[in-house]
Amino acid sequence: MYKMAVIGKDVSKSDSAKMHTFDFRGLGSECEYELISVSKEDLDSTVKRLMSGDYDAFNVTIPYKLDIIPYLDRLEGDARTFGAVNLVKEKVGYNTDGIGFQLLLENNGIRPKGMKVLVLGAGGAGRSAVKKLADAGADVYVYDLRKESVDKLYEEFGCFTPLAVLEPDDYDLIINITGVGMHKTEGISPVGADILSRTKMACDLIYYPRKSEFLRIAESLGKPILNGEGMLFYQAYYGDCIVLGREPNAEEAKALFEEYRRVYPD
């Protein structure tokens, strides 16, 4: 029996436990999984407890994907590339957000090459999404209310156009990665109809609620919409493969997600 957890500011409504236990069972193992909401003040003590040896690994979500790095011995793979961590195993940081995001797009028929994409948010998940989109050949624009976050990301990657002011423009896809629309901001959208009316499609990495206010507005304007449930599942699958020491497979990930949606349709 593997013992895991996820830490974030508020994970009370997270589907992580359900997804990871489903994944582990599908991969022939069992997992006990905890949801741990942590304040900034309690982060240090919580991380040290999780690293004490009682847990096989733990996941990290908003807003601690960068804050966790000083506690780690090293970063591997995409965690080094993106400078953000969503999985910790034996004091090593990994990031499966990028591959999860990539599979979300691919399995919904979205090919970023040549697309003009607006990314809202330059935080942990935003960093990986921007890099994956740019590497896939998209023309990427990034806006965040915290201009310093966009500036820092541009200094690191330089693969997108930073926006100091957000104005209506024609986009093939707008992606919300701000976290606005969940928990205490449920019912709020980071942008309005003036921005969304000019896009061909809208994607929100929020998955609870399944249809955020951002997606509701886009849908009311006749735009195709996509939420982030698939990304959460795929990044969980790839992370679980790391924990289990198993070689991941994109087709297996897709098949498991389809089965998950049959078991948990709502």
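So, here's what we can say about the structure. This is a predicted model, so every value here is computed, not measured.

**A closer look at unusual backbone geometry**
Phase 1: In this structure, P63 follows I62 across a cis peptide bond, with omega equal to 5°.
Phase 2: With respect to the helices, strands and loops of the structure, P63 is situated in the loop between β3 (57-60) and β4 (74-75).
Phase 3: A cis amide bond, omega 0°, links Y208 with the succeeding residue P209.
Phase 4: Looking at where P209 falls in the secondary structure, it is placed in the loop between β11 (202-204) and α8 (213-220).
Phase 5: One non-glycine residue, E90, lies in the positive phi region at around 55°.
Phase 6: You can see E90 is positioned in the loop between β5 (87-89) and β6 (92-94).
Phase 7: For E90, a relative accessible area of 66% translates into the label exposed.
Phase 8: Phi at K91 is positive, roughly 65°, even though this residue is not glycine.
Phase 9: Its place among the elements puts K91 in the loop between β5 and β6.

**Comments concerning the packing of aromatic side chains**
Two aromatic rings, taken as a pair, are described by how far apart their centres are and by the angle between their planes.
Phase 1: This structure, assessed with the given rule, holds 13 aromatic pairs.
Phase 2: Ring geometry for Y154 against F160: centres 5.5 Å apart, planes inclined by 85°, an arrangement best described as edge-to-face.
Phase 3: Relative accessible area serves as the criterion here: at 38%, Y154 is assigned to the partly exposed category.
Phase 4: Since its relative accessible area comes to 5%, F160 is described here as buried.
Phase 5: Consider the rings of F233 and F257, whose centres lie 5.3 Å apart with planes at 45°: the pair is tilted.

**Considerations on the pattern of salt bridges**
Phase 1: Taken as a whole and assessed by the stated rule, the structure comprises 22 salt bridges.
Phase 2: The salt bridge involving R198 is made with D170; its shortest N-O contact spans 2.7 Å. Of this pair, R198 sits in the loop between α7 (193-196) and β11 while D170 sits in the loop between β9 (161-162) and β10 (173-176), and the two are 28 residues apart along the sequence.
Phase 3: When salt bridges that share partners are traced, they join R74, E76 and R80 into one network.

**Describing helix α9 (residues 229-244)**
Side chains of residues three or four places apart in an α-helix project in the same direction, reflecting 3.6 residues per turn.
Phase 1: Relative to the 22 Å expected for 16 residues at 1.5 Å per residue, α9 spans 22 Å between its end C-alpha atoms, a close match to the ideal helical length.
Phase 2: Directly after α9, the chain includes G245, whose backbone phi takes a positive value near 70°.

**Let's talk about the environment of S220**
Phase 1: Structurally, S220 can be placed in helix α8.
Phase 2: On the basis of relative accessible area, S220 is assigned to the exposed category, the value being 52%.
Phase 3: Side-chain polar atoms of S220 contact the backbone oxygen of I217, separated by 2.6 Å.

Calculation rules
- Residues numbered from 1 in each chain as written.
- Predicted model: local features only at pLDDT ≥ 70, side-chain atom pairs only at ≥ 80, totals over all residues.
- Heavy atoms only, no water.
- Helix = DSSP H or I, 4+ residues; strand = E, 2+ residues; numbered from the N terminus.
- Buried < 20%, exposed > 50% of the residue type's maximum accessible area, 1.4 Å probe, protein only.
- Phe/Tyr/Trp six-rings, centres within 6.5 Å; stacked < 30°, edge-to-face > 60°.
- Salt bridge = Lys/Arg side-chain N within 4 Å of Asp/Glu carboxyl O.
- Expected span 1.5 Å × (residues − 1).
- Polar contact = N/O pair within 3.5 Å; in protein donor to acceptor, adjacent residues only side chain to side chain.

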